[in-house]
Amino acid sequence: MRRFFTIHKPPGVPHLALKLLHAVGIANGETFSHRFTAVYLLFIFFIAIPKLFCGYTSFEASVVGLAELFFQLNNFTGLLLVLVSSKQLQCLVRVGQTIADEVFQFAQADMRQLLTSHHKRIIFATAPICATFWSYVRAAHRNTTAQYVLHMEEDFYGLQIRSSLRSYLMFAIPMVPMSYICAYVGCAKIMIVFNFTSYCTVYFRLVALQLQYQTRTVPSDRDSIRTIVAMHQQALCCADLLETIVSPIMLMQIVLCVLMSSSMVLYFTFATMSGHMINVLLLFLVVSTETFGYCYLGTQLSMESARIAYAVYNGKWEQQPREIAKHLQLILLRAQKPIGITAGKFCFINMEQFAKLLKTTYSVFILLRDLL
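Where an unreviewed UniProt entry is consulted, the protein chain appears under the name Odorant receptor, with the organism given as Anopheles coluzzii.

S.K.: Any chance you could break down the overall build of the protein chain for me, citing the residues and the numbers?
M.R.: Secondary structure summary: the protein chain contains 12 helices and 0 strands in total. Taking all 372 residues of the protein chain together, the buried fraction comes to 49%. Split by element, the accessible area of the protein chain, about 18,700 Å² in all, is 63% carbon and sulfur.

S.K.: Residue-level account of the pattern of salt bridges, with values.
M.R.: Enumeration over the complete set of coordinates arrives at 6 salt bridges. Residue Glu290 is joined to Lys189 by a salt bridge in which the shortest nitrogen-to-oxygen separation is 2.7 Å. Remark: Lys189 occurs in helix 8 (residues 165-214) and Glu290 occurs in helix 10 (residues 275-313); sequence separation between them is 101 residues. Judged on exposure class, the residue Glu290 and its partner Lys189 are both buried. Across the salt bridge formed by Glu304 and Arg205, the nearest N and O atoms sit 3.5 Å from each other. Here Arg205 lies in helix 8 and Glu304 lies in helix 10, a separation of 99 residues in the sequence. Classification of Arg205 as partly exposed rests on a relative accessible area of 26%.

S.K.: Summarise the UniProt feature "transmembrane region" (unreviewed entry) in the protein chain; cite the residues concerned and give the values.
M.R.: Mapped onto this numbering, the UniProt entry gives "transmembrane region" (unreviewed entry) at residues 38-59, 65-84, 168-186, 249-270 and 276-297. Helix makes up 77% of residues 38-59 and strand 0%, whereas the separation of the span's terminal C-alpha atoms amounts to 32 Å. In the segment residues 65-84, helix accounts for 100% and strand for 0%; the C-alpha atoms at its two ends are 28 Å apart.

S.K.: Tell me about the nonpolar core, and name the residues and values.
M.R.: In terms of nonpolar packing, the biggest core is built from 92 residues, with Leu79 and Leu211 touching the most fellow members. Counting residues per element, this core draws most heavily on helix 9 (residues 222-270), which supplies 20 residues. With residues up to four places along the chain from it excluded, the contact list for Leu211 reads Ile228, Ile308, Ala311, Val312, Leu328 and Ile331.

S.K.: Run through the packing of aromatic side chains, naming residues and quoting values.
M.R.: To describe a pair of aromatic rings, one takes the distance between the centres and the angle between the planes. If you walk through the whole model with that rule in mind, you get 6 aromatic pairs. Cluster of aromatic residues (ring-pair linked, three or more members): Phe36, Tyr40, Phe43 and Phe76.

S.K.: With reference to specific residues and values, describe unusual backbone geometry.
M.R.: One non-glycine residue, Lys345, lies in positive phi territory at about 70 degrees. Position of Lys345 relative to the elements: it lies in the loop between helix 11 (322-335) and helix 12 (351-371).

S.K.: Any details on helix 11? Residues and values, ideally.
M.R.: One turn of an α-helix holds 3.6 residues; hence residues three or four places apart share an orientation. Taking 1.5 Å of rise per residue, 14 residues should cover 20 Å, and helix 11 covers 20 Å from first to last C-alpha, within 8% of that figure. Inspection of helix 11 places Ile324, Ala325, His327, Leu328, Ile331, Leu332 and Ala335 among the buried residues, and these make up the whole buried set. The buried residues of helix 11 occupy an angular sector of 160 degrees when the element is viewed end-on, so they sit on one face. Residues Arg322, Lys326 and Leu333 are exposed on helix 11 and point more than 90 degrees away from its buried face.

Conventions adopted
Residues numbered from 1 in each chain as written. Predicted model: local features only at pLDDT ≥ 70, side-chain atom pairs only at ≥ 80, totals over all residues. Heavy atoms only, no water. Helix = DSSP H or I, 4+ residues; strand = E, 2+ residues; numbered from the N terminus. Buried < 20%, exposed > 50% of the residue type's maximum accessible area, 1.4 Å probe, protein only. Areas by Shrake-Rupley, 256 points an atom, 1.4 Å probe, with all protein chains shown as cover. Salt bridge = Lys/Arg side-chain N within 4 Å of Asp/Glu carboxyl O. UniProt positions renumbered as here; feature names shortened; annotations may be inferred. Core = buried A, V, L, I, M, F, W, Y, C linked by side-chain atoms within 4.5 Å. Contact = heavy atoms within 4.5 Å. Phe/Tyr/Trp six-rings, centres within 6.5 Å; stacked < 30°, edge-to-face > 60°. Expected span 1.5 Å × (residues − 1). Arc of directions from axis to C-beta.

Structural data, given as structure tokens:
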């Protein structure tokens, strides 16, 4: 385990996120795409089909089951969209590594330290079976009915998983590795969005720092300014590639977050404290926290790209020689374009959008409550 998380490659791109993706057949072209195909088929046969077509024992169970389905659908389909954009992902890695190489060859020590420090920052599956066996043994001694603790709320292809130990084991044995697969896929999906967004933010911060250093004197070094222009273009290219990769993922995240959150809030209004309610509450907290993280990082990316314009403006560009002033004007012009991550090109993912998302969730909750 320690060996898997040990990264010996130089800073510049999120190597750990790429390593997680590579393990499931992503981020390496189409060579190992069959790995993720197998993972996605496991999701369909062990989670999606039972939850959609095998029914539920109660209304509470159906709410929990559908919430779990939306949650896992968001994770697995999110990685599927990353696989579809694997070429853009490889291009993003190459451009990011180019920026890092230039920083380590020509930039100041504190810029290299910024990139290095950023590079360094970055049991539940067996519990139901143990709980079930404990309940089964205790029920045998007390002559009562055993309670079968399920990994996920679903009926499994007609098996009596709530009343028969044999059927329960036929369900639980494959669900143990499936639970770990779900955790792995969820972690990989979050890391690929979080890490690449944060690295793109660092690329713009490096450009701003380089501008501050080179525009302290008049006239500035012409070759250094040209290098900054090229680095800024590379950072913009990384942001565009990131947008292409995560835009459909964010659209799905926003839609499913509204559906899940509104239905969960509706469930909280009439449900009593139980294991089902705790499961729903945990899912609600996870989805809300994940969406908040995306919005926060999107805001940071937009702010860092906009600060480049302020760095040029404060660098006395009008006092520079004409050729250097033209280069600085080009950077200033490019920095006027809003940069960030969007939800399917419809809206930017930022803190303002998170506030709107909360309002939309409440509105959908009111509509559902009136209809029911």
